[in-house]
Amino acid sequence: MAKQPEDWLDDIPAPQDDEDDEIIWVSKSEIKRDAEILKKLGAELVDLSKSELERIPLDTQLLEAIELAQKIKREGRRRQLQLIGKLLRSREVEPITDALDKLKNRHNQQVVIMHKLEDLRNRLLADGDEVIEEVVALFPQTDRQQLRALVRNAKKERDGNKPPKAFRQIFQYLKELSDSN
């Protein structure tokens, strides 16, 4: 019996819905953009200090490449950064970026705290006893007499156009109180 024209369709296998066989096409431009992002991440890592690098989860090969890049200048450094970017391509970078973000955020938080302490110091010099009570409320371990003496000395320095030694001491004292909290 000869096959009918409609029967030849039966010989073609039905398409399978395997998700594993799905091909994802990535353009060259996207690959280059991703490589550039990883190279910039590598440059950020190279700019960190040793103590900051210890807080970031890096394998020994990547850590050695970063430490070498920190020692190299000019063209060699550029090439070393390319190598670091290449090494990052074969690694999971999310834990590295998370740790780097935490480091940056900690720095930002410290800057905000310093600005608040500077503002508190300026208010101490402007308003005196009212702000001392606020400082005592914020930091119960505050020595009122010491703080009053520092404020008094800072005002004398300011009025006499002397170097601001007590002015700086107030900030240091507030910083110590903030750190011990």
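Here's a quick rundown of the structure. Because the structure is predicted, anything quoted here is derived from the model rather than measured. (Residues numbered from 1 in each chain as written. Predicted model: local features only at pLDDT ≥ 70, side-chain atom pairs only at ≥ 80, totals over all residues. Heavy atoms only, no water.)

### Structural notes on the packing of aromatic side chains
For step 1, the next point in the chain: For the coordinates displayed, the defined rule picks out 0 aromatic pairs.
For step 2, the next point in the chain: The residue whose ring lies beneath Arg 121 is Phe 167, and the NZ or CZ to ring-centre distance is 3.8 Å. (Phe/Tyr/Trp six-rings, centres within 6.5 Å; stacked < 30°, edge-to-face > 60°. Lys NZ or Arg CZ within 6 Å of the ring centre and 35° of its normal.)

### Concerning helix α1 (residues 28–46)
For step 1, the next point in the chain: Relative to the 27 Å expected for 19 residues at 1.5 Å per residue, α1 spans 27 Å between its end C-alpha atoms, a close match to the ideal helical length.
For step 2, the next point in the chain: The set of residues buried in α1 consists of Leu 38, Leu 41, Gly 42, Leu 45 and Val 46. Projected down its long axis, α1 carries its buried residues within an arc of 145°, all on one side. Summarising the geometry of α1, the exposed residues directed more than 90 degrees from the buried face are Lys 32, Arg 33, Ile 37 and Lys 40. (Helix = DSSP H or I, 4+ residues; strand = E, 2+ residues; numbered from the N terminus. Expected span 1.5 Å × (residues − 1). Buried < 20%, exposed > 50% of the residue type's maximum accessible area, 1.4 Å probe, protein only. Arc of directions from axis to C-beta.)

### Details of the packing of α1 against helix α4 (residues 74–89)
For step 1, the next point in the chain: One way to put it is that α1 packs onto α4 with a least axis distance of 8 Å and a crossing angle of 115°. Classified by the angle their axes make, α1 and α4 are roughly perpendicular. In terms of crossing hand, the pair formed by α1 and α4 is right-handed. Residues Ala 35, Leu 38, Lys 39, Leu 41, Gly 42, Ala 43 and Val 46 of α1 form the contact with α4, whose own contacting residues are Arg 77, Leu 81, Gln 82, Ile 84, Gly 85, Leu 88 and Arg 89.
For step 2, the next point in the chain: Taken together, the residues that form the contact of α1 with α4 break down as 8 nonpolar, 3 polar and 3 charged. (Axes fitted to C-alpha atoms, helices over the stretch in contact; angles between N-to-C directions. Parallel < 35°, antiparallel > 145°, perpendicular 65-115°, else oblique. Left-handed = near helix turned anticlockwise from the far one by under 90°. Contact = heavy atoms within 4.5 Å. Nonpolar A, V, L, I, M, F, W, Y, C, P; charged D, E, K, R; others polar.)

### Some details on the side chain of Thr 142
For step 1, the next point in the chain: Inspection of the secondary structure assignment puts Thr 142 in the loop between α6 (129–138) and α7 (144–159).
For step 2, the next point in the chain: For Thr 142, a relative accessible area of 10% corresponds to the buried category.
For step 3, the next point in the chain: A polar atom in the side chain of Thr 142 sits 2.5 Å from the backbone oxygen of Phe 139.
For step 4, the next point in the chain: The residues touching Thr 142, leaving out its near neighbours within four places in the chain, are Val 135, Val 136, Leu 147, Tyr 173 and Leu 177. (Polar contact = N/O pair within 3.5 Å; in protein donor to acceptor, adjacent residues only side chain to side chain.)

### Things to note about the nonpolar core
For step 1, the next point in the chain: Counting residues in hydrophobic clusters, the biggest one holds 20 residues, and the most contacted among them are Leu 45, Ile 56, Leu 58, Leu 62, Ile 66, Ile 84 and Ile 96.
For step 2, the next point in the chain: Listed by contribution, the elements that provide at least two residues to this core are α1, α3 (60–71), α4 and α5 (94–127).
For step 3, the next point in the chain: In contact with Ile 96, not counting residues within four places along its chain, are Leu 41, Leu 45, Ile 56, Pro 57, Leu 58, Leu 62 and Leu 88.
For step 4, the next point in the chain: Core analysis: the next-biggest nonpolar cluster, separate from the first, contains 19 residues, Leu 124, Val 131, Val 136 and Leu 147 among them. (Core = buried A, V, L, I, M, F, W, Y, C linked by side-chain atoms within 4.5 Å.)

### Thoughts on the pattern of salt bridges
For step 1, the next point in the chain: All chains considered together, the criterion is met by 10 salt bridges.
For step 2, the next point in the chain: The partner of Lys 39 in a salt bridge is Glu 36, and the shortest N-O contact between them spans 3.8 Å. Of this pair, Lys 39 and Glu 36 both sit in helix α1, 3 residues apart, roughly one helical turn.
For step 3, the next point in the chain: Owing to a relative accessible area of 23%, Lys 39 belongs among the partly exposed residues under this scheme.
For step 4, the next point in the chain: Put simply, Arg 148 and Asp 129 hold a salt bridge, and the shortest N to O gap is 3.2 Å. Separated by 19 residues along the polypeptide, Arg 148 in helix α7 and Asp 129 in helix α6 bring together distant segments of the chain.
For step 5, the next point in the chain: By relative accessible area, which is 31% here, Arg 148 ends up partly exposed. (Salt bridge = Lys/Arg side-chain N within 4 Å of Asp/Glu carboxyl O.)

### Some points on the side chain of Glu 157
For step 1, the next point in the chain: With respect to the secondary-structure elements, Glu 157 resides in helix α7.
For step 2, the next point in the chain: With residues up to four places along the chain from it excluded, the contact list for Glu 157 reads Lys 162, Pro 163, Pro 164, Lys 165, Ala 166 and Phe 167.

### What to know about unusual backbone geometry
For step 1, the next point in the chain: Not every positive phi belongs to a glycine, and Arg 74 is a case in point at roughly 50°.
For step 2, the next point in the chain: Although it is not a glycine, Asn 161 adopts a positive phi angle of roughly 55°.
For step 3, the next point in the chain: Residue class for Asn 161 comes out exposed when judged on its relative accessible area of 72%.

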